[in-house]
Amino acid sequence: MKHAFDMTGKVALITGGGTGIGKGIAEEFIKLGAIVVITGRQLAPLQEAKANLGDNCHLIVNDVTKKEEHLSLIKQIEEEIGPLEILVNNAGKHSKSFAMETTDADFQSVIDTNLNSVFALTRAALKYMVPRKKGAIVNISSMAALYGIPQVAAYSSSKTALIGLTRTLAVEYSGEGIRVNAIAPGFIESQMSRQIMKKDPAREQKILSRTPAGKFGDPADIGKAAAYLASDASSYVTGICLPVDGGNSIGF
């Protein structure tokens, strides 16, 4: 009997898949048999990721904000690799400043990357998924969408809106065989986050004090959650936002 989490032969596109959470998702998908396409703006991180991930990983240099290229990206995957069944909208942009110091250009840039581009790429993918009545879309949101965090007005707005988009798409297309869900990652261990915490030990202690698990997560933790939402194991799950945060969103 085929295991519910088995992803053998399924083609998945993961934006921002060369590093961090995106790479962690790609690794878990490949372990389960998926054929993964990772995209990003820089070739070198994609090449490094592919060297680690193996033959079932393909790379395409792509900037998600170039919306005019979305349909050609999906078409390339369909023609060269196979029918796209899974889309993980992971690529994102962060910005940290107090609201009064955030310019309209700064705000719009984050919204464009984290929301507008996700919508446009998803729309392109749906044009191929809907006729086949089969697909799974996973949007990567954030803890900043679940509670207030200072100095991230643009980022929080974009990631909160992404949950609303997830719900609407789920309502519109679940009946067509396309499930749409989101993940809100907690504080995940990475080289970048480790450097930040070294500079601000008080921030690290504040995070850990309200995280019941008492530790930072690993990209693989997000990868496993994404694998659940992208596989047949969650065949009756759609329109949710799953926190993967060690309890941070409910911690006190």
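Criteria and thresholds
- Residues numbered from 1 in each chain as written.
- Predicted model: local features only at pLDDT ≥ 70, side-chain atom pairs only at ≥ 80, totals over all residues.
- Heavy atoms only, no water.
- Pairing = 2+ DSSP bridges.
- Helix = DSSP H or I, 4+ residues; strand = E, 2+ residues; numbered from the N terminus.
- Axes fitted to C-alpha atoms, helices over the stretch in contact; angles between N-to-C directions.
- Contact = heavy atoms within 4.5 Å.
- Buried < 20%, exposed > 50% of the residue type's maximum accessible area, 1.4 Å probe, protein only.
- Right-handed = clockwise from strand over helix to strand, strands pointing away.
- Phe/Tyr/Trp six-rings, centres within 6.5 Å; stacked < 30°, edge-to-face > 60°.
- Lys NZ or Arg CZ within 6 Å of the ring centre and 35° of its normal.
- Salt bridge = Lys/Arg side-chain N within 4 Å of Asp/Glu carboxyl O.

Moving on, we get to the sheet that holds strand S1 (residues 11-15). Reading across the sheet, the 7 strands line up as S3-S2-S1-S4-S5-S6-S7 and stay open at both edges, with parallel pairing between neighbours. One side of each edge strand has no neighbouring strand; the edge strands of this open sheet are strand S3 (57-61) and strand S7 (241-244). In this sheet, neighbouring strand axes are inclined to one another by 20° on average, regardless of whether the strands run parallel or antiparallel. Pairing analysis gives 5 bridges linking strand S2 (residues 35-40) to S3, with the strands arranged parallel. Its bridge partner being in S3, Gly40 is matched across the sheet by Val61. Here helix H3 (residues 70-80) sits on the sheet in contact with S1, S2, S3 and strand S4 (84-89), set at roughly 145° to S1. Strands in contact with helix H8 (residues 219-230) are S4, strand S5 (135-140), strand S6 (178-185) and S7; relative to S6, the strand with the most contacts, it is inclined by about 165°.

So, on to the pairing of S6. Burial runs high along S6: 8 of the 8 residues are buried. In this structure, S5 lies alongside S6, joined through 6 bridges in parallel fashion. Residue pairing in the sheet places Ile137 in a bridge with Val180 of S6. Handedness of the S5-helix H5 (residues 153-173)-S6 crossover: right-handed. Strand direction decides the pairing type here: S6 and S7, joined by 4 bridges, are parallel. For Ala184, the partnering residue across the bridge sits in S7 and is Pro243.

A word on the packing of aromatic side chains. Taken as a whole and judged by the stated rule, the model has 2 aromatic pairs. Each ring, one from Phe187 and one from Phe216, has its centre 6.5 Å from the other, and the planes form 70°; the classification is edge-to-face. Of this pair, Phe187 sits in the loop between S6 and helix H6 (191-199) while Phe216 sits in the loop between helix H7 (201-209) and H8; the two residues are 29 residues apart in sequence, bridging distant segments of the chain. Directly above the aromatic system of Phe216 lies the positively charged group of Arg194, at a separation of 5.5 Å from the ring centroid. Positioned above the aromatic ring of Tyr147, the side-chain terminus of Arg210 is 4.3 Å from the ring centre.

Let's shift gears to the environment of Ile250. Tracing the backbone shows Ile250 in the segment after S7. Residues Ile250 and Arg210, spaced 40 residues apart in sequence, show a C-alpha to C-alpha distance of 8.1 Å.

As a further point, take the pattern of salt bridges. In this structure the tally under the stated criterion is 10 salt bridges. With a closest N to O distance of 3.8 Å, Lys134 and Glu85 form a salt bridge. With Lys134 in the loop between helix H4 (104-132) and S5 and Glu85 in strand S4, this pair connects stretches of sequence that are 49 residues apart. For Lys134, a relative accessible area of 44% gives the class partly exposed. Note on Glu85: relative accessible area 15%, which makes it buried. The partner of Lys133 in a salt bridge is Glu176, and the shortest N-O contact between them spans 2.5 Å. Taken together, the positions of Lys133 in the loop between H4 and S5 and Glu176 in the loop between H5 and S6 put the pair 43 residues apart, joining distant regions of the chain. Three or more residues are tied together by salt bridges with common partners; here these are Lys10, Glu85, Lys134 and Asp232.

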